[in-house]
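# Coordinate analysis (summary)
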Amino acid sequence: MDKRPLDFYASREREVQDKGFSLDDIVDAEIHGDKIYFLTANGKVFETTLTPVTRDLYWEVKLRNRRRAFGL
């Protein structure tokens, strides 16, 4: 797996634009300890520390997936 740290406070939008990566491409997210792992559609795993911003992104992904699962 391709893991690399991201500082979502400073570089989230720049990283997304530089890589041609859309936040809609995040398939799933998992929290392990003080790290959050975001799985993308192309199979890459982004690792970042647990912060209020990344926690919001985590819940946004989880709620979106839940809505899709129940057809809402």
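Preceding block: the structure.
Thresholds, definitions, all that
Residues numbered from 1 in each chain as written. Predicted model: local features only at pLDDT ≥ 70, side-chain atom pairs only at ≥ 80, totals over all residues. Heavy atoms only, no water. Helix = DSSP H or I, 4+ residues; strand = E, 2+ residues; numbered from the N terminus. Buried < 20%, exposed > 50% of the residue type's maximum accessible area, 1.4 Å probe, protein only. Areas by Shrake-Rupley, 256 points an atom, 1.4 Å probe, with all protein chains shown as cover. Pairing = 2+ DSSP bridges. Axes fitted to C-alpha atoms, helices over the stretch in contact; angles between N-to-C directions. Contact = heavy atoms within 4.5 Å. Core = buried A, V, L, I, M, F, W, Y, C linked by side-chain atoms within 4.5 Å. Phe/Tyr/Trp six-rings, centres within 6.5 Å; stacked < 30°, edge-to-face > 60°.

In this section: the overall build of the chain. A tally of helices and strands in the chain yields 2 helices and 3 strands. Going from the N terminus to the C terminus, the chain shows its helices and strands as α-β-β-β-α. With 72 residues in all, the chain has 31% of them scored as buried. If you sum the accessible surface of the chain, you get close to 5000 Å²; carbon and sulfur atoms cover 51% of it.

What follows is about the sheet that holds strand 1 (residues 26-32). In space, the 3 strands of this open sheet follow the order 1-2-3, with antiparallel pairing throughout. Whereas interior strands pair on both sides, the edge strands pair on one side only; in this sheet they are strand 1 and strand 3 (45-49). Averaged over all pairs of adjacent strands, the angle between their axes in this sheet comes to 20°, without regard to strand direction. Note: strand 2 (residues 35-40) against strand 3, 5 bridges, orientation antiparallel. Counterpart to Lys-35 in the pairing with strand 3 is Thr-49. Where helix 2 (residues 52-70) meets the sheet, it contacts strand 1, strand 2 and strand 3, and its direction lies at approximately 125° from that of strand 1.

Moving on, we come to the nonpolar core. Ile-26, Ala-29, Ile-36, Phe-38, Phe-46, Leu-57, Tyr-58 and Val-61 together form the largest nonpolar core, which totals 8 residues. Breaking this core down by element, the ones donating at least two residues are strand 1, strand 2 and helix 2. Here this core takes 3 residues from helix 2, the largest share from any one element.

A separate point is the packing of aromatic side chains. Counting across every chain of the model gives 1 aromatic pair. Between Tyr-58 and Trp-59, the aromatic rings sit 5.1 Å apart at their centres with planes inclined by 80°, giving edge-to-face as the arrangement. For Trp-59, a relative accessible area of 47% puts it in the partly exposed group.

On their own, these measurements won't tell you what the molecule is for.
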